[in-house]
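Topology and contacts: notes
Below, each chain spelled out in residue letters.
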Amino acid sequence: MMQEENKSNKSFKVASYNVNSINTRKELVLSWLGRDPVDVLCMQELKTTDENFPRDDFLKKGYECYTYGQRTYNGVAICSRQPLESVFKGIGDPVYDEEKRVIGGRLGEVWIINVYFPHGDRRGEKKFYWKLRFYDRFLLFLTERFSPDEKIVLVGDMNVALEDIDVYDPILLKDTIGTMKEEREALLRLLSWGFVDAFRYLYPQKRQFTWWDYIGGMVWKDQGMRIDYVLVTKPMLPYLRDVYVDMWARKRRNPKPSDHAPLVGVFEI
């Protein structure tokens, strides 16, 4: 379904947006919400603490925000037009929750989970192994707490381009951060738990990126990577209508945008 057709009262939109500092990007995010007032906005890389999150600005727009912030790095939030129930922050592991990367809650029968996976590093470096361990620890958390028979929408910056079609130049970027075999296998294990990549399910052959480096005008050349995802469990598939990337928020010159664009999943539920 085309984006223009998703304006009926039945549509329900869940967005994932790595904002790369909410306080730097606040006006841009609020302007974007004025253009596309999604029902749930999941943000990553807040780079601020809970007390410094601009909560009142979102409240004026009609969103209640649940935050799991961290100074300078990481941080995730869910801003929703309807109040969430059973909100959780982190995965219950003090080692992995030292970095604020996971937040979730329930809207009716649907769980919304927002995750900012580690960026990683070159193979063999400490951050390379940390990324893989985080994937496995998050998968254990899912297994212990949830079931693939539940209605779950899992979104976030996963820092992995799953297939060669998900990068602008698979030869140039082969075996670089985000395309390494070990990283792709980690994301595949997450999918195998019971998730479907909603964008690729709807558009098997479409090339669409969600991140472009600031350097070299990459966004204008469309030389990017698809590293942000909307994943859904199979009980959510009957309600899935569209997944799209809103380039308006990325192709701003002033104020300076995030290096990511918002990714929006559209459901009828």
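Source: prediction; values computed, not measured. (Residues numbered from 1 in each chain as written. Predicted model: local features only at pLDDT ≥ 70, side-chain atom pairs only at ≥ 80, totals over all residues. Heavy atoms only, no water.)

Some points on the overall build of the chain
The cut-off we apply is this: Numbering of helices and strands runs from the N terminus; a helix is a DSSP stretch of H or I covering at least four residues, while a strand is a stretch of E covering at least two. Radius of gyration here is computed from C-alpha atoms only, and the compact-globule reference equals 2.2 Å multiplied by the residue count raised to the power 0.38. Three labels apply to residues, based on accessible area from a 1.4 Å probe with only protein chains included: buried if under 20% of the type maximum, exposed if over 50%, partly exposed otherwise in between. In this count, Lys and Arg are taken as positive residues and Asp and Glu as negative ones, while His and the chain termini are left out. In this description, the location of a charge corresponds to atom NZ of lysine, CZ of arginine, CG of aspartate or CD of glutamate.
On a plain count of helices and strands, the chain comes out with six helices and twelve strands. Over its C-alpha atoms the chain spans a radius of gyration of 17 Å, differing by no more than 12% from the 18 Å that the globule rule assigns to 269 residues. Expressed as lengths along the three principal axes of its C-alpha atoms, the size of the chain is roughly 45 × 45 × 40 Å. When each of the 269 residues of the chain is scored for burial, the buried share is 57%. Averaging the positions of the 41 positive and the 40 negative side-chain charges in the chain gives two centres separated by 3 Å.

Some points on the sheet that holds strand 2 (residues 40-44)
Rules: Only when DSSP finds a minimum of two bridges between them are two strands counted as paired. Lines are fitted to the C-alpha atoms to define the axes, a helix being fitted only along its stretch in contact, and any angle between axes, read from their N-to-C directions, falls within 0 to 180 degrees.
Taken in spatial order, the six strands line up as 3-4-2-1-12-11 in an open sheet, and their pairing is mixed. This sheet does not close on itself; its edge strands, each paired only once, are strand 3 (64-68) and strand 11 (240-245). Strand after strand, the sheet turns through a mean of 15° between neighbouring axes, direction not considered. Bridge analysis of strand 11 against strand 12 (residues 263-268) gives five bridges, and the strand direction is antiparallel. Across the sheet, the residue bridging to Asp-242 is Val-266, located in strand 12.

What to know about the state of the cysteines
Here is the rule we go by: The criterion for a disulfide is a pair of cysteine sulfur atoms lying within 2.5 Å.
In this structure the tally under the stated criterion is one disulfide. For Cys-65, the disulfide goes to Cys-79, at an S-S distance of 2.1 Å. On the sign convention where negative is left-handed, the bridge of Cys-65 and Cys-79, at about 110° about the S-S bond, is right-handed. On the criterion of sequence distance, the pair formed by Cys-65 in strand 3 and Cys-79 in strand 4 (residues 76-80) is long-range, its members being 14 residues apart.

So, the side chain of Glu-45
Operational definition: The contact rule is simple, with two residues in contact once any of their heavy atoms fall within 4.5 Å.
Note that Glu-45 resides in the loop between strand 2 and helix 2 (55-60). The residues touching Glu-45, leaving out its near neighbours within four places in the chain, are Asn-18, Val-19, Asn-20, Ser-21, Ile-22, Asn-74, Gly-75 and Tyr-116.

Quick word on the layout of surface pockets
We count it as follows: Of the two site types, the cavity is a set of points on a 1 Å grid over the protein atoms alone where a 1.4 Å probe fits but cannot get out, and the pocket is an open set with protein on both sides within 12 Å along at least five of seven lines, each lined by residues with an atom within 4 Å of a point. Grid points are joined across faces, edges and corners, and a volume is the space filled by probe spheres set on the points. Under this grouping Gly is polar, as are all residues other than the nonpolar Ala, Val, Leu, Ile, Met, Phe, Trp, Tyr, Cys and Pro and the charged Asp, Glu, Lys and Arg.
Counted as a void, the largest pocket has a volume near 790 Å³. In this structure, the largest pocket is lined by 30 residues; those nearest its centre are Arg-101, Tyr-116, Pro-118, His-119 and Gly-120. Per-element tally for the lining of the largest pocket: the top contributor is helix 3 (residues 126-145), with five residues. Broken down by class, the residue content of the lining of the largest pocket amounts to nine nonpolar, ten polar and eleven charged.

Brief notes about the sheet that holds strand 9 (residues 195-197)
Pairing is mixed across the open sheet formed by six strands, whose spatial order is 5-6-7-8-10-9. With one partner strand each, in any of the chains shown, strand 5 (85-89) and strand 9 form the two edges of the open sheet. On average, each strand axis in the sheet is tilted by 20° relative to the strand beside it, whichever way the strands run. Bridge count for strand 6 (residues 102-107) against strand 7 (residues 110-116) is six bridges, and the pairing is antiparallel. Counted as the bridge partner of Gly-105 is Ile-112 from strand 7. Against the sheet, helix 3 engages strand 5, strand 6, strand 7, strand 8 (151-157) and strand 9, with an angle of about 165° to strand 7.

Description of the pattern of salt bridges
Formally: The working definition used for a salt bridge is a side-chain nitrogen of Lys or Arg within 4 Å of a carboxyl oxygen of Asp or Glu.
Under the definition given, this model contains 20 salt bridges. A salt bridge links Arg-189 to Asp-136; its shortest N-O distance comes to 3.2 Å. Taken together, the positions of Arg-189 in helix 4 (residues 181-192) and Asp-136 in helix 3 put the pair 53 residues apart, joining distant regions of the chain. A relative accessible area of 34% places Arg-189 in the partly exposed class. A residue is classified by how much of its surface remains accessible, and Asp-136, at 37% relative accessible area, is partly exposed. Linking Arg-200 and Glu-163 is a salt bridge whose minimum nitrogen-to-oxygen distance equals 3.8 Å. Of this pair, Arg-200 sits in helix 5 (residues 198-202) while Glu-163 sits in the loop between strand 8 and helix 4, and the two are 37 residues apart along the sequence. What makes Arg-200 buried here is its relative accessible area of 10%. Sharing partners across several salt bridges, the network here consists of Glu-163, Asp-166, Asp-197, Arg-200 and Arg-226.

Such coordinate-based values are descriptive only and should not be taken to indicate function.
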